[in-house]
Amino acid sequence: MFSGGIPIGRFFGITVKLHWSWFIIFAWLTWMLATEFFPSFEDYQDWRPATYWIIGLVTSILFFASVLAHEMAHSLVAKAAGLKVSAITLFIFGGVSQLTEEPKSPGSEFRMAVAGPGTSLVIGGACWGIFFATRHSVSPVAGMTLWLGYINVALAAFNMIPGFPLDGGRVLRSVLWWRSRNLRKSTRIASVIGRGFGYAFIFGGIALVFIEVYLLGLSLVIIGWILENAAAGSYRQVALRDLLQGHKVSEVMTQDCMAVPPALTVEQLVNDHILVSGRRCYSVADYGRALGLVTAHDVKAVERKLWPVKTVREIMTPIDKMRQVRPDDDLSSVMYLIMEKNVNQVPVLQDSNIVGMVWRDSLLTFVHLRSELGI
Ligand SMILES: [Zn+2]
């Protein structure tokens with residue numbers, strides 16, 4: 001959902017990106033600190049007007065550095081456990097680390113989950129330390145660290161809410177997982193609690209809107225909605241992965257992908273192949289070497305009057321542009337491909353030949369049958 005964004009650099013081998021919504025919160029926060037928070041303190045009344053804005057801006061930057069440190073802690077512990085971290089994205093409600101895999105053991109999940117809030121607590125404590133040391137001497141530094149101390153402790157506290165996929169929910173899942181040795185069941189419990197918190201935020205937010213606390217109310221509704229969705233989605237994903245793991249591509253692939261020559265016209269493809277065999281997908285091969293794939297979908301994109309002149313080679317999807325899998329790949333990775341890239345079929349390649357096809361439908365049937373039978 002928040003995976004897009006502008007890359008701003010790589011730290012410890014992890015790309016850091018800013019989602020567009022980040023700029024809204026950054027501007028709002030700077031404005032709120034400069035015009036409301038700092039001016040409301042008696043101790044900070046003697047600042048010059050420019051000081052409010054400079055300190056507001058620096059505080060915002062340091063706040064986002066703290067959020068980044070929180071996410072970086074998760075990601076570095078994940079990397080140390082051998083997991084791949086693709087990026088960290090900062091967005092309107094904080095940060096997310098994009099992990100391409102789930103933790104492999106309850107212990108590594110626990111360490112990964114507590115690393116973030118732990119880091120926030122340490123930063124918060126350090127900020128308050130600086131606040132107490134500077135409150136009688138350097139008032140801008142004191143003002144800045146006072147707020148940063150609160151916000152980092154709040155960040156740790158919010159993230160420790162025990163609803164999956166928040167950090168606290170991950171801690172809960174790791175404990176359940178460690179006790180039951182059942183990842184799927186543990187995820188189910190932790191994500192039901194996550195959805196519960198999601199609904200609680202939504203209703204709490206609506207209640208706030210009714211008593212005219214609009215900004216906080218609306219933010220809570222959106223955060224609750226995101227949490228509810230994420231909780232439900234991550235459970236579905238874990239359940240699906242659990243079901244598919246250990247099964248191979250060869251179990252669901254169809255081997256009826258006939259080869260056609262690249263010089264065939266679209267008209268010939270329709271009349272001599274699609275209409276005759278009823279098949280919707282053909283591999284385009286030249287002397288046994290696969291060049292690409294052509295489907296009924298590609299044909300539909302060509303204007304009818306061009307059918308006699310356009311060749312299959314012109315309308316096919318070239319092989320190097322396609323997501324491809326091998327017969328002995330794990331089915332869970334294919335599901336990821338089909339869902340993530342939103343494709344209908346994935347060609348199965350072996351020694352640069354298309355040996356079969358995995359269809360979205362047959363994969364879903366595979367999943368439905370097994371979950372219906374409880375295996
Ligand atoms: Zn976290």
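Residues numbered from 1 in each chain as written. Predicted model: local features only at pLDDT ≥ 70, side-chain atom pairs only at ≥ 80, totals over all residues. Heavy atoms only, no water.

Draft legend 1. A nonpolar patch on the surface, seen in detail. Side chains of Tyr-199, Phe-203, Ile-206, Phe-210, Ile-211, Val-213 and Leu-216 sit close together on the surface and give an oily, nonpolar patch of about 750 Å² of accessible area. Among the elements that make up the nonpolar patch, the one with the highest residue count is helix α6 (residues 183–210) (four residues). Secondary-structure assignment places Leu-216 in helix α7 (residues 214–244). (Patch = residues over 30% accessible without salt bridge, like charges linked within 9 Å, V, L, I, M, F, W, Y side chains within 5 Å. Areas by Shrake-Rupley, 256 points an atom, 1.4 Å probe, with all protein chains shown as cover. Salt bridge = Lys/Arg side-chain N within 4 Å of Asp/Glu carboxyl O. Helix = DSSP H or I, 4+ residues; strand = E, 2+ residues; numbered from the N terminus.)

Draft legend 2. Quick look at the pairing of strand β7 (residues 289–295). Burial runs high along β7: six of the seven residues are buried. Across six bridges, strand β6 (residues 281–286) lies against β7 in antiparallel orientation. Paired with Asp-286 across the strands is Arg-289, a residue of β7. In textbook terms, the turn of a hairpin is the stretch between consecutive antiparallel strands, and for β6 and β7 this stretch comprises two residues, one of which, Tyr-287, has a positive phi near 50°. Two elements, β7 and strand β8 (residues 317–318), share two bridges in a ladder whose sense is antiparallel. The residue of β8 that forms the bridge with Leu-293 is Thr-317. (Buried < 20%, exposed > 50% of the residue type's maximum accessible area, 1.4 Å probe, protein only. Pairing = 2+ DSSP bridges.)

Draft legend 3. A look at the environment of Lys-321. Along the chain, Lys-321 falls in the loop between β8 and α11 (331–340). What makes Lys-321 exposed here is its relative accessible area of 66%. Note: C-alpha distance between Lys-321 and Ala-80 (241 residues apart in sequence) is 33 Å.

Draft legend 4. Expanded view of the nonpolar core. Core analysis: the largest hydrophobic core is formed by 26 residues, its most contacted members being Leu-29, Leu-33, Phe-38, Tyr-44, Phe-63, Phe-64 and Trp-147. Among the elements of the structure, α1 (20–37), α2 (49–80), α3 (106–134) and α4 (139–159) are those that each provide at least two residues to this core. The element contributing the most residues to this core is α1, with eight residues. In contact with Phe-64, other than residues within four places in its own chain, are Trp-22, Ile-25, Phe-26, Leu-29 and Leu-90. Among the nonpolar cores identified, the runner-up in size contains 17 residues, and Leu-243, Leu-244, Met-253 and Met-335 belong to it. (Core = buried A, V, L, I, M, F, W, Y, C linked by side-chain atoms within 4.5 Å. Contact = heavy atoms within 4.5 Å.)

Draft legend 5. Quick peek at the packing of α7 against helix α12 (residues 360–373). The geometry of α7 relative to α12 is characterised by a closest axis approach of 11 Å and an angle of 90° between their N-to-C directions. For the element pair α7 / α12, the angle class is roughly perpendicular. Contacts from Leu-240, Leu-243 and Leu-244 in α7 reach Leu-363, Phe-366, Val-367, Arg-370 and Ser-371 in α12. When the residues that make up the contact of α7 with α12 are grouped by side-chain class, the tally is six nonpolar, one polar and one charged. (Axes fitted to C-alpha atoms, helices over the stretch in contact; angles between N-to-C directions. Parallel < 35°, antiparallel > 145°, perpendicular 65-115°, else oblique. Nonpolar A, V, L, I, M, F, W, Y, C, P; charged D, E, K, R; others polar.)

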